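As a plain string of letters, each chain reads:
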Amino acid sequence: MLWLIVVPALSTAFGLLAAQLTDRISWGNIAKSLIFMPMAISFVGAAVIWKLVYDTRPIEQEQIGVLNALYLFFGGDAPQTWLTVPFWNNFLLMAVLVWIQTGFAMVILSAALRGIPEETIEAAIIDGANPFQVFFKIKAPQIMGTIVVVWTTITIVVLKVFDIVFAMTNGQWETQVLANYMYDKLFRANDWGVGSASAMIIMLLVTPILVWNVYNARKEMR
Amino acid sequence: MASLEIRALTKKFGDVTVLDHIGLVIQDGEFLVLVGPSGCGKSTLLNIIAGLESETCGEILIDGRAVNDVHPKDRDIAMVFQSYALYPNMTVRKNITFGLKVRNTPGPKIEEMLAAVSDLLKIGSLLDRKPAQLSGGQRQRVAMGRALVRDPSIFLFDEPLSNLDAKLRVEMRTEIKKLHHRLGTTIVYVTHDQTEAMNLATRIAVLHQGRIQQLGAPQHLYDHPDNLFVAGFIGSPAMNLLPGSLSSSDGGLYFRPGDGEDLIRVDHYPFREAPADGAPVVFGIRPECVTLPREVEGQARFEVELVAEAVETNGFDKHVAFAYGASELIGRLPAKAGLVAGQPMRVGFDLSGISIFDRRSERRL
């Protein structure tokens, strides 16, 4: 549940922010390429990279995990095993997916932002709107359709997420997700009944969102 | 209401100079039309006045106050765009009141102003529709409503009629003219359509290659174009321009068309300075001054036999293309004039309203 809200929301928000900001700076295209880069990495690869970020070494050794290194630098007393902290470790896993999906959201939303007629923005400026009002009252409503498509697409990705959890925690320490649960039951516990049931549930959850997504995408095209 | 003054305004995009030392004073309540062909810089000038683009150098003063560094929203201007630029996600009501809301105008005041504007523009029944549900003419009205409701001191119009069909364009033109009469606000209006400019303006500024070619009342520009560009640009069909030279003989001054033997007497022409004998000039005559000999009144006249090459009927008159030496000459003949293409006929020139230009400097002599 948490995944379904946090990941699409953060990815879309960051994507929109990145799209808006990179359109306004001279080195925006380089920034865009960098933000888009994680899209080219497989989920397992990304999981391994982030596992190293969260890595923990005994206190007497040099920390190779960036998070622990920072934690100690800013006065933490002992390195933490981040991925085993219940509840919060979920967010550490989500960060990986957000990192990957932000690039996708940015590219689509940036194209949508460029499609907004320049004159409506100029009209709003002359009307007296400040940059926030221009963004939230003029630009965002005009690309609402695209935002919905991006949001639902990422939601579908979230429902299917498996590799990241499998590679990083394997569902331990309260980080279980549906797809990993299905895999566990189906191929590890040989409990085909529960495994198939969870597969069905994933499908049932994905289907309505997929239908809605296709409907919106078609509406966008018109 | 306010006056607007532009001083030595220059705009460059890289090495390209789009506007070159534009100077312009627009009086309070004036309807000034900036007219010129595409790419002459007229829209850029309007955007600079609005504050949407910055100038390379020069000054803009509204009511004597320099506004170069003033944000567009604080310049007290409103703009109507060519594409209308309505906010597609908002209803007509919200489109019109958006500018008031972001300026924190109190609610009852907004309602009052909205009612006044929708009355004035007769858009009361459209208030709850979205722009996509409106026709071109209705969108145009809403766009004007959005500008009017703020009661700005200066209105800027950027080719507001060019997306409308011909009939609607004429209607809206009259409407804008009426609106100006009623409100008496200062208006700067950009168009590439010289007919629109002639109809609407109290004064016209003709822009070409980043410079103001001529500034004046519409009739003055029509009768006394300052240079060849203005002569060719203002008026439809365009002024006939015949290259040739001046020659004086028998105590009179004549124009001799380039390759012809004809001598057209131009003694009466008020030369700004005495021309040299044999000076290369361009002789300009409006199509309505090229007509049947009996239609020409007054002493300053000239008759010649020409062949009509093409005839266009307009209902109230006919545009006839004649071959005159190597040049083509357009005449306006009464609708009832019986004439057949390919036949020679007598044609009269009314010489009272001619223009003569220096061929080298292209300036009016």
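These numbers come from a predicted model, not from an experiment.

Undergrad: Please provide a residue-by-residue account of the overall build of chain A, values included.
TA: What chain A contains, in helices and strands, is 11 helices and 0 strands. Start at the N end of chain A and walk to the C end: the helices and strands fall as α-α-α-α-α-α-α-α-α-α-α. By principal-axis analysis of the C-alpha atoms, chain A measures approximately 60 × 50 × 25 Å. For chain A, the residues scored as buried account for 31% of the 222 residues in total. In chain A, 66% of the contacts between residues at least 6 apart in sequence involve partners at least 24 apart.

Undergrad: Describe the packing of helix α2 (residues 92-102) of chain B against helix α3 (residues 107-121) of chain B, naming the residues involved and giving the relevant values.
TA: All names here are of chain B. Where α2 contacts α3, the two axes come as close as 10 Å, and the packing angle between them is 135°. Between α2 and α3, the angle falls in the class oblique. Considering how the two elements wind past one another, α2 and α3 form a crossing that is right-handed. Of the residues in α3, those touching α2 at Arg93, Ile96, Thr97, Leu100 and Lys101 are Ile110, Met113, Leu114 and Val117. A per-class count over the contact of α2 with α3 returns 6 nonpolar, 1 polar and 2 charged.

Undergrad: Break down the interface of chain B and chain A for me, citing the residues and quoting the values.
TA: At the junction of the two partners, chain B supplies 17 residues and chain A supplies 14 residues. Those elements that place two or more of their residues in the side of chain B that touches chain A are β6 (77-80) and α2 of chain B. When the residues that make up the side of chain B that touches chain A are grouped by side-chain class, the tally is 12 nonpolar, 3 polar and 2 charged.

Undergrad: Tell me about the nonpolar core, residues and numbers included.
TA: By size, the foremost hydrophobic cluster in this structure holds 100 residues, and its most contacted members are B:Leu32, B:Val33, B:Leu34, B:Met79, B:Leu156, B:Val188 and B:Val206. In this view, B:Val33 contacts B:Tyr189, B:Thr191, B:Ala197, B:Leu200, B:Ala201 and B:Ile204; residues no more than four positions away in its chain are not counted. In terms of nonpolar packing, the next biggest core, distinct from the first, is built from 37 residues, A:Val7, A:Val96, A:Phe104 and A:Ile108 among them.

Undergrad: So what about the domain arrangement of chain B? Which residues, and what values?
TA: Residue and element names in this part refer to chain B. In terms of domains, chain B is made up of domain 1 (4-233) and domain 2 (240-358). Put simply, the middle of domain 1 and the middle of domain 2, counted by C-alpha atoms, are 39 Å apart. In this complex, domain 1 contributes 6 residues to the contact, which on the side of domain 2 involves 6 residues. For the side of domain 1 that touches domain 2, the leading source of residues is helix α8 (residues 228-233), giving 3 residues. A class-by-class count of the residues in the side of domain 1 that touches domain 2 yields 3 nonpolar, 2 polar and 1 charged.

Undergrad: How would you summarise α3(B) if you had to cite specific residues and measurements?
TA: Residues and elements named next belong to chain B. The end-to-end C-alpha separation of α3 is 21 Å, in line with the 21 Å expected for 15 residues at 1.5 Å each. Those residues of α3 that sit buried are Val117, Ser118 and Leu121. One side of α3 holds all its buried residues, which, seen down the axis, span an arc of 95°. Turned more than 90 degrees from where α3 packs its buried face, Pro108, Lys109, Glu112, Ala115 and Asp119 sit exposed. Residues of α3 that are buried make contact with α2 and α4 (136-148). Looking one or two places after α3, you find lysine 122, whose phi comes out positive at around 55°.

Rules used throughout
Residues numbered from 1 in each chain as written. Chains lettered and ligands numbered in written order. Predicted model: local features only at pLDDT ≥ 70, side-chain atom pairs only at ≥ 80, totals over all residues. Helix = DSSP H or I, 4+ residues; strand = E, 2+ residues; numbered from the N terminus. Buried ≥ 20, exposed ≤ 12 C-beta atoms within 10 Å, placed from the backbone. Contact = placed C-beta atoms within 7 Å. Axes fitted to C-alpha atoms, helices over the stretch in contact; angles between N-to-C directions. Parallel < 35°, antiparallel > 145°, perpendicular 65-115°, else oblique. Left-handed = near helix turned anticlockwise from the far one by under 90°. Nonpolar A, V, L, I, M, F, W, Y, C, P; charged D, E, K, R; others polar. Core = buried A, V, L, I, M, F, W, Y, C linked by C-beta atoms within 7 Å. Domains from an automatic or database assignment. Expected span 1.5 Å × (residues − 1). Arc of directions from axis to C-beta.

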